[in-house]
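These are the residues of each chain, in order.
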Amino acid sequence: MKKVKIYVTLRESVLDPQGSAVMGSLHKMGYAEIEDVRIGKYLELMVSDDARDIDALVNEMCQKLLTNTVIEDYRFEIEEAVSQ
Amino acid sequence: MKFAVIVFPGSNCDLDMYHAVKDELGEEAEYVWHDSTDLSGYDGILLPGGFSYGDYLRCGAIAQSSAVMDEVKKAVEAGKPVLGICNGFQILTEAGLLPGVLLRNKNLKFMCKTVGLKVENANTLFTSEYADGQEIQIPIAHGEGNYYCDDATYEQLKKNNQIVFSYADDFNGSRNNIAGIINERGNVLGMMPHPERAVTDLIGGSDGLALFKSIVKQWREANVSHA
C-alpha cells in the first residue's frame, strides 16, 4: 500500500483572509518577524499497490475534485505506507 | 412551466425555491433528488442554497460530482434556464458551468442581512422584468460569497455583459462587487443573494419575485404558441 500526501494551497494571487487573520494574531502576540501566513489543506490517500500509474491517478483526482485550479495549487508525495 | 428544484444532502433553501415558483407564481415545481438521472421532463432547473455535502472539501465541490449534474449539463446544452442561488451558484462554478469561484468573505464572517443590489443587465431571460440600473433589496446569507476570477475572465465577463447583479456596497470582497453572473449563452445564472426569500411583502420584501416572473415570461414567449 502507498500513502499519498497532498498539499493544497491557495494560489499566490488569491487573497487568503484566514492566513491574514492568523498573521494579525501572531503580530499581536509579539511575533513581528512573521511576514506572511498562508493556510492550506493536507489530504492523505491510502492507495492499493495494484493501482495503475499513481502519479497520473492523483493528478486526475486533484483536477477533477480535490482542488479547484482556479484558486488552488497542489503538490504531492508518494511513500510506502507503514503497515499497522 | 415546470421547474425541477434539485435537492442535495444539505440543501436548505429548496422549500423557499419551491414556494416561490409554486405558490407565488402558480407554476409547476417538483423536488428532484441529487441522484436523479433524468431531467428531460422539466422546463427550468433550480439549484437551491444551503450547504450541500456540508461544504466539505470546498463549497459546491462534492455536489458538482453528483449524478444529477450530468443532467443539469444536458439541460444547459438544451438551452433551458438554470438558476443557481448561493450554494447553487457555488455548485455551478465548481461544475465549470460558470467562470470563477466563491471564496471566504474577506472579513471571514457569515453574513445574513438584506442588501442593495444593482441590476447590471436587464436584458437576460432572468432579469427582463427589471430595469437596467434598478436597485433592489434582496437578502444575503453566506460565508463564502466573495466572487473571484482572474483578470482575463473579468474582462470577458464585462465584454459579454455577463455581470447581471452587483452589490451596492462592498461587504464580502467580491471582485468589482459582483453578486451574480450569467454564462455566455445567457441561460445559466448564478447569484449569491436569495431572491426566493423576497417574493412577498409578508416576509419583508418582494423584489425577488420579478426574477422568477422573468423566467416564466421568457419561457412562455418562446414556447407557447399564440396561433
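Rules of the game
- Residues numbered from 1 in each chain as written.
- Chains lettered and ligands numbered in written order.
- Predicted model: local features only at pLDDT ≥ 70, side-chain atom pairs only at ≥ 80, totals over all residues.
- Heavy atoms only, no water.
- Helix = DSSP H or I, 4+ residues; strand = E, 2+ residues; numbered from the N terminus.
- Rg over C-alpha atoms; globule rule 2.2 N^0.38 Å.
- Buried < 20%, exposed > 50% of the residue type's maximum accessible area, 1.4 Å probe, protein only.
- Polar contact = N/O pair within 3.5 Å; in protein donor to acceptor, adjacent residues only side chain to side chain.
- Contact = heavy atoms within 4.5 Å.
- Pairing = 2+ DSSP bridges.
- Salt bridge = Lys/Arg side-chain N within 4 Å of Asp/Glu carboxyl O.
- Buried area = accessible area lost by both parts, 1.4 Å probe.
- Nonpolar A, V, L, I, M, F, W, Y, C, P; charged D, E, K, R; others polar.
- Axes fitted to C-alpha atoms, helices over the stretch in contact; angles between N-to-C directions.

> An account of the overall build of chain A is requested, with residue identities and associated values reported.
Per the secondary structure count, chain A includes 2 helices and 3 strands. Each helix and strand of chain A, placed in order from N terminus to C terminus, yields the pattern β-α-β-α-β. Taking 2.2 N^0.38 as the reference for a compact globule, 84 residues should give roughly 12 Å; the C-alpha atoms of chain A span a radius of gyration of 17 Å, well beyond that estimate. Expressed as lengths along the three principal axes of its C-alpha atoms, the size of chain A is roughly 50 × 35 × 15 Å. Counting across all 84 residues of chain A, residues that qualify as buried make up 27%.

> Could you give an account of the side chain of B:H34, naming the residues involved and the relevant values?
All names here are of chain B. Relative to the elements of secondary structure, H34 occurs in the loop between β2 (28-33) and β3 (44-47). Judged by its relative accessible area of 14%, H34 falls in the buried class. At 3.2 Å, the side chain of H34 forms a polar contact with the side chain of Y53. Those residues within four positions of H34 in sequence are excluded, and the remaining contacts are V7, F8, P9, Y53, S66, A67 and V68.

> Talk me through the pairing of strand β6 (residues 111-119) of chain B; I want residue IDs and the actual numbers.
All names here are of chain B. Taken together, the 8 bridges between β6 and strand β7 (residues 135-142) define a ladder with antiparallel strand orientation. Bridge pairing in β7 places L117 opposite I136. As paired strands, β6 and strand β9 (residues 163-167) are joined by 3 bridges and run antiparallel to one another. Bridge pairing in β9 places K118 opposite S166.

> Could you give me a rundown of the pattern of salt bridges, with the residues and numbers involved?
Across all of its chains, the model carries 18 salt bridges over all chains by this definition. Linking A:E72 and A:K41 is a salt bridge whose minimum nitrogen-to-oxygen distance equals 3.8 Å. Taken together, the residues A:E72 in strand β3 (residues 72-80) and A:K41 in strand β2 (residues 41-47) connect sequence positions 31 residues apart. A:R75 is the salt-bridge partner of A:E77, the closest N and O atoms lying 3.6 Å from each other. Residue classification places A:E77 among the partly exposed residues on the basis of a relative accessible area of 32%. Among the charged side chains, a salt-bridge network with shared partners connects A:K41, A:E72, B:R58 and B:E94.

> Report on the interface of chain A and chain B, specifying residues and quantitative values.
The interface is formed by 15 residues belonging to chain A together with 14 residues belonging to chain B. With both sides pooled, the region where chain A packs onto chain B buries about 1,200 Å², and carbon together with sulfur makes up 64% of that total. When the area that chain A buries against chain B is broken down by residue, the three leading residues are A:P17, A:L65 and A:N68, summing to 37%. In this structure, the connection of chain A to chain B is made through 1 salt bridge. Residue assignment for the side of chain A that touches chain B shows that the elements contributing at least two residues are α1 (17-28), β2 and α2 (54-66) of chain A. Of the residues belonging to the side of chain A that touches chain B, the class tally is 8 nonpolar, 4 polar and 3 charged.

> I'd like a description of the environment of B:L98, backed by residues and values.
Residue and element names in this part refer to chain B. As for its position among the elements, L98 is in the loop between α3 (87-94) and β5 (101-103). A relative accessible area of 2% means that L98 is categorised as buried. Considered as a pair, L98 and V7 are 91 residues apart in the sequence and their alpha carbons are 20 Å apart. In this structure, L98 is in contact with F89, L92, T93, I181, I182, N183, V188, L189 and G190, ignoring residues within four places of it in sequence.

> Please give an account of the sheet that holds β2(B) that cites residues and values.
Two orientations exist for strands paired in a sheet by backbone hydrogen bonds: parallel and antiparallel. Residues and elements named next belong to chain B. With mixed pairing, 9 strands are arranged side by side in an open sheet as β2-β1-β3-β4-β11-β10-β9-β6-β7. In the strand order of this sheet, the two ends are held by β2 and β7, each with one partner. Averaged over all adjacent pairs, the angle separating strand axes in this sheet is 25°, with direction ignored. Against the sheet, helix α1 (residues 14-24) contacts β1 (2-7), β2, β3 and β4 (82-85), and its axis sits at roughly 160° relative to β2.

> Pulling in residues and values, what's your account of the environment of B:C13?
Residues and elements named next belong to chain B. Relative to the helices and strands, C13 is located in the loop between β1 and α1. C13 gets classed as buried once you look at its relative accessible area, which sits at 2%. C-alpha of C13 to C-alpha of L125: the two residues are 112 residues apart in sequence and 22 Å apart in space. Contact partners of C13, with chain neighbours within four places excluded, come to P48, G49, G50, H194, E196 and R197.

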